Amino acid sequence: MDRPKVAVIVLNWNGLADTLGCLESLRGLRYPNFATFVVDNGSEDGSADALQELEGEITLIRSPENTGYAGGNNLAIAAATQTDPDFFWLLNNDCVVDPESLDRLVDFASATASAGLISPAVHSRENPEAIQQIGYLIDRRNRTLIERNNLEPAQRDRADSDRIAVSGAAVFASRATLSDIGLFDERYFAYWEDIDLSQRALSSGYRNFYLPDAKVFHRSPYIGGRINRKPYYYYYMCRNFFLFWRKSLHPLSFVSLLRSHLVYTLQQAGECLAHGNREGLEACLDGAWAAWSGHYGKWDTSVRMPATIRSLLLSHPFLALSLLKGDLKGVVDLIAAKARRKKAP
C-alpha cells in the first residue's frame, strides 16, 4: 500500500548554504513518498541559479520579490497542490531533519482525525540535546504567548491542545486542514503568521500538537551568549503583535489592547536598549506605529513613528513601561534611582 504523499517546502532568501544543508538532510529521510519544493523568495545572492542546478531533485519556484514567510509559503503550497499531496511540511531553511521525523509525523497525522497543525520537537543545532522550541500556549486573557519549553514537564504534558500554537520552523499539516482553515495571512509578512494559522485551526475545531519523538534541529539566534536579531525581527514582532490580537479579540477590547501593545513594544525596545541595539529599538517603535496606522505587508521604511511620540517614549522607556504595567513600586524605584544619579558627584 502506498504511503501518503508529502510536499516538503523549503523557503530560501539569500541563504544558499543553509538551504543546501537542509536539502542534504532531506536526502536522509527514510520516508519513501515525498517531493521537495524550494521557493527562492527574491534572493539577491545568486542562490536561485545555484538551486536551479538541483532541478529534478527539487522543484524550484522563483518569486521575483521577497514576499516574506507568509507569501513565499503560500506560493509554494499553491504550486505543490497541483501534484495532489496528502500533507505539507513547511521547513525553515536553517533546519536539518532527523531521518525518522517524517515517518512519525505522517503516522501521527494519519491516526489523529482532530489534528490541525503538527510540529516535531525543535532542537538546537548547536546543542542537539537541548530543546529549542515546543510551541506556545495562547493566553487570551493576558494577551501573551507562554513558551511551553519554560513550563515544568508535568505542566507541559498536560498543557491543553486547544490552546497550543506551533512554531513556523517546521509546520506539518494535511491538505484537507489547510483547505478548511486557509493559508497564511500575508499581511503579517513574517512573524506571528504561524500563531495566526494555529489560532485559526483551533477556532475551526482542530487541535494542534507537538511530537517529541519527531525531531528537527534549528539554528539558534543566540551567538556568544547574546541574542543576534536583525532590526526587521523587532519591527515585525511589534507590528504583528497588534494585528494578531486585534483579529483574535472582541472589538470592545481595543483600548486595553492598545495598552498591552505598548507594554509589549516597550519590553522589546528595552531589550534592545539594554544591549545597545539602537536600530532594533527604532524598529520596535516604527513597527508599533505601522500597526496603529494600518500599514501591513512588507516593511515600508517611509512609515515612521512621529518624532514627538518617539522622543516621549524614548526619554524614559522603563518608566513608561512600569506605568503601563501598573507597577507603582517600579515607578518609585526608577524615580529614586534617577534622583540618586543627579546627586552623585
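Since the model is a prediction, treat every value here as computed from it, not as a measurement.

### So, the overall build of the chain
So, point 1. Of the regular secondary structure elements, the chain holds 13 helices and 14 strands.
So, point 2. The 345 residues of the chain split such that 51% are buried.
So, point 3. Looking at the chain alone, contacts between residues at least 24 apart form 73% of all its contacts between residues at least 6 apart.
So, point 4. Carbon and sulfur atoms make up 53% of the accessible area of the chain, which amounts to about 16,700 Å² in all.

### A short note on unusual backbone geometry
So, point 1. Residue Asp84 is not a glycine yet carries a positive backbone phi of 65 degrees.
So, point 2. Its place among the elements puts Asp84 in the loop between helix H3 (68-81) and strand S4 (87-92).
So, point 3. Looking at Asp84, the relative accessible area reads 47%, which means it is partly exposed.
So, point 4. Positioned with a positive phi, Phe189 is a non-glycine residue whose angle comes to about 70 degrees.
So, point 5. Exposure remark for Phe189: the relative accessible area of 7% places this residue in the buried category.

### Thoughts on the packing of helix H8 (residues 231-248) against helix H9 (residues 254-274)
For any two helices packed against each other, one specifies the crossing angle of their axes together with the interaxial distance.
So, point 1. At their nearest, the axes of H8 and H9 sit 10 Å apart, and the two run at 165 degrees to each other. The pairing of H8 with H9 is recorded here as roughly antiparallel in orientation. In this structure, the crossing between H8 and H9 has a hand that is right-handed. Contact with H8, carried on its side by Tyr233, Tyr234, Met237, Cys238, Phe241, Phe242, Trp245 and Arg246, involves Phe254, Leu257, Leu258, Ser260, His261, Tyr264, Thr265, Gln268, Glu271 and Cys272 of H9 and no other residues of that element.
So, point 2. Looking at the contact of H8 with H9 residue by residue, the classes come out as 12 nonpolar, four polar and two charged.

### Concerning the sheet that holds strand S8 (residues 136-139)
So, point 1. Taken together, three strands build an open sheet; the order of strands is S9-S8-S10 and the sheet is antiparallel. In this open sheet, the two edge strands, each paired with only one partner strand, are strand S9 (144-147) and strand S10 (164-165).
So, point 2. Pairing between S8 and S10: two bridges, direction antiparallel. Across the sheet, the residue bridging to Leu137 is Ile164, located in S10.

### Concerning the pattern of salt bridges
So, point 1. Enumeration over the complete set of coordinates arrives at 18 salt bridges.
So, point 2. A salt bridge links Arg310 to Asp286; its shortest N-O distance comes to 2.4 Å. Residue Arg310 is found in helix H11 (residues 307-315), and its partner Asp286 is found in helix H10 (residues 278-292); the two are separated by 24 residues along the sequence.
So, point 3. Sharing partners across several salt bridges, the network here consists of Asp185, Arg187, Asp196, Arg200 and Lys247.

### Brief notes about the pairing of S9
So, point 1. With four bridges connecting them, S8 and S9 associate as antiparallel partners. Within S9, the residue paired with Asp139 across the bridge is Thr144.

### Quick notes on the nonpolar core
So, point 1. Among the nonpolar cores identified, the biggest contains 65 residues, and Phe88, Leu90, Leu117, Trp192 and Trp245 are the most heavily contacted of them.
So, point 2. No other element matches the 11 residues that H8 contributes to this core.
So, point 3. Look past the residues within four positions of Phe88 in its chain and what remains in contact with it is Ala7, Ile9, Ile77, Ala80, Thr81, Val171, Phe172, Ala173, Arg175 and Leu178.
So, point 4. Of all hydrophobic cores here, the second largest spans 32 residues; its members include Val10, Leu91, Ala115 and Val216.

### So, the environment of Leu29
So, point 1. Structurally, Leu29 is set in the loop between helix H1 (16-26) and strand S2 (34-41).
So, point 2. Leu29 sits in the buried class, given a relative accessible area of 9%.
So, point 3. Expressed as a C-alpha distance, the spacing of Leu29 and Asp103, which sit 74 residues apart in the sequence, is 8.4 Å.
So, point 4. Among residues more than four places away in sequence, those in contact with Leu29 are Phe34, Trp89, Val97, Asp98, Pro99, Ser101 and Leu102.

### Side note on the packing of aromatic side chains
So, point 1. With the rule as written, the count across this model stands at 17 aromatic pairs.
So, point 2. Between the aromatic rings of Tyr69 and Phe184, the centroid separation amounts to 5.3 Å while the plane-to-plane angle is 75 degrees, which identifies the pairing as edge-to-face. One end of the pair, Tyr69, is in helix H3; the other, Phe184, is in the loop between helix H6 (175-181) and helix H7 (193-203), and 115 residues separate them in sequence. By the burial criterion, Tyr69 is buried, and Phe184 matches it.
So, point 3. The structure contains a cluster of three or more aromatic residues connected by ring pairs, namely Trp192, Phe241, Phe244, Trp245 and Tyr264.
So, point 4. The positively charged end of Arg229 is found above the aromatic ring belonging to Tyr233, 4.0 Å away from the centroid.

### Description of the side chain of Thr177
So, point 1. In this structure, Thr177 sits in helix H6.
So, point 2. Thr177 gets classed as buried once you look at its relative accessible area, which sits at 2%.
So, point 3. In this structure, Thr177 is in contact with Ala115, Gly116 and Tyr206, ignoring residues within four places of it in sequence.

Parameters at a glance
- Residues numbered from 1 in each chain as written.
- Predicted model: local features only at pLDDT ≥ 70, side-chain atom pairs only at ≥ 80, totals over all residues.
- Heavy atoms only, no water.
- Helix = DSSP H or I, 4+ residues; strand = E, 2+ residues; numbered from the N terminus.
- Buried < 20%, exposed > 50% of the residue type's maximum accessible area, 1.4 Å probe, protein only.
- Contact = heavy atoms within 4.5 Å.
- Areas by Shrake-Rupley, 256 points an atom, 1.4 Å probe, with all protein chains shown as cover.
- Axes fitted to C-alpha atoms, helices over the stretch in contact; angles between N-to-C directions.
- Parallel < 35°, antiparallel > 145°, perpendicular 65-115°, else oblique.
- Left-handed = near helix turned anticlockwise from the far one by under 90°.
- Nonpolar A, V, L, I, M, F, W, Y, C, P; charged D, E, K, R; others polar.
- Pairing = 2+ DSSP bridges.
- Salt bridge = Lys/Arg side-chain N within 4 Å of Asp/Glu carboxyl O.
- Core = buried A, V, L, I, M, F, W, Y, C linked by side-chain atoms within 4.5 Å.
- Phe/Tyr/Trp six-rings, centres within 6.5 Å; stacked < 30°, edge-to-face > 60°.
- Lys NZ or Arg CZ within 6 Å of the ring centre and 35° of its normal.

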